[in-house]
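# Examination of the molecular architecture
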Amino acid sequence: AAGALASLLRLEAGREALAEARGVPTLVDALDSEDPTATASAAVALLNAMAHEPSREALLNTGGIDTLLSCIGSRDSRVREAAAGALLNASAAASVAEAVRDGTATIENGGKKTLLPALPFLSERLVQIEAGAVLRARVAGIFFNCAAYGPDNRLALLEAGVLMSAVSILHDLTSLSLDAKGVPVWVRAMGPEATVAQRWRLVANAIGIVLNCALNPTTKAEVLRGDGLTPLLAAIESGDPAVMALAATAIAYVSDRAEMRPGSPSSPARAADGPSRNTFRKRHFHTDLAGAAAFGPADDEADDGPGARPIAIFGRMPEIKLSATHDSGSKGPRFVAEPFETCPRRTEAVALPMALAPAYNEIPSPLPSPRDDE
């Protein structure tokens, strides 16, 4: 039933009908099924349903975030991948992204249940080659969306090691070098069964993590410290349109400088500062280091009256900035979503009898029949 519902949820009308019928809690309950196929079907249905905003809120209110996290720890690859896809699409909502950050996964091992914090738990799956290319890409997509919402999420990803793991993955997957046995580095980093398309899919989502984290000065500094620009520049030559577009945006965000303005993050500028000091800061910001050294210290006692700062001495401020700042309205986070899926049809094998009785053929009798006298 969940598999058929998953197909219906590919349509907008189906997703609206599910929300009206309040069917998300039923799908969440189905995730606890002992049948892995039924669990995977319910997870695929949720993956499709999470394209609808009311269904995301219903998932959150039902406690489905921790349930999906626990499913990612399943031993069945179908369940793991479908649950990660559902959580990826759900995390496009800010409330769900925060719930993922603070969530826990329940893992059973030897009859014992262990509660694991969500970010370290998912981070381990991100770097595990044994987890599979599909699961790793979807986990990276979850982090991609989580990093889109606020400094708390970005700093949490930094503290959990997710950000630097993403940078390390980018270094390996964009490398053109070979190992000692002549195997490409990216093949060893992905596993022998991974395809080129799966490689670029993981690269795109890992770039998304870096891109969104670069909106925070602290996390951006860590990206630069970890040489995050090198793999981004290599990704520009990937030939994959999605990867190239994300890499170009990430380079702009990572290499951007935040102009010191009152209210900007980590800015010493204050609204009470005089025009002379503000002009001094702007000149240093828009001039290379060699030219800025010739300015000397700011003169806080300089005359602020008309004509006190002529263009001949102070120069003309650039009318167009070469890069955006953290205050720019055109600079913002990006998101990712998994495409709709269908559950594969299951056909039961028909049971055939061990042996078939031979067809009955009447043998003519040599004796006369009483019927002949009639």
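Overview of the structure. (Residues numbered from 1 in each chain as written. Predicted model: local features only at pLDDT ≥ 70, side-chain atom pairs only at ≥ 80, totals over all residues. Heavy atoms only, no water.)

Next up on the list: the overall build of the chain. Along the chain, the regular secondary structure elements total 20 helices and two strands. The 374 residues of the chain split such that 41% are buried. Look at the contacts in the chain between residues 6 or more apart in sequence, and 69% of them connect residues 24 or more apart. As displayed, the chain has an accessible area near 20500 Å², and 56% of this comes from carbon and sulfur atoms. (Helix = DSSP H or I, 4+ residues; strand = E, 2+ residues; numbered from the N terminus. Buried < 20%, exposed > 50% of the residue type's maximum accessible area, 1.4 Å probe, protein only. Contact = heavy atoms within 4.5 Å. Areas by Shrake-Rupley, 256 points an atom, 1.4 Å probe, with all protein chains shown as cover.)

A separate point is the packing of aromatic side chains. Inspection of the entire model under this criterion finds one aromatic pair. For the pair Tyr149 and Phe335, a centre-to-centre distance of 5.4 Å together with 50° between the ring planes defines the contact as tilted. Placement of the pair is Tyr149 in the loop between α10 (133-146) and α11 (150-159) and Phe335 in the segment after α20 (311-314), with a sequence separation of 186 residues. For Phe335, a relative accessible area of 41% translates into the label partly exposed. Sitting above the plane of the Trp200 ring, Arg199 keeps its charged end 4.2 Å from the centroid. (Phe/Tyr/Trp six-rings, centres within 6.5 Å; stacked < 30°, edge-to-face > 60°. Lys NZ or Arg CZ within 6 Å of the ring centre and 35° of its normal.)

With that settled, consider the pairing of strand β2 (residues 112-117). Burial within β2 is sparse, with just zero of its six residues counted as buried. Between the end of strand β1 (residues 104-109) and the start of β2, which pair antiparallel, lie two residues, with Gly110 showing a positive phi angle near 65°. (Pairing = 2+ DSSP bridges.)

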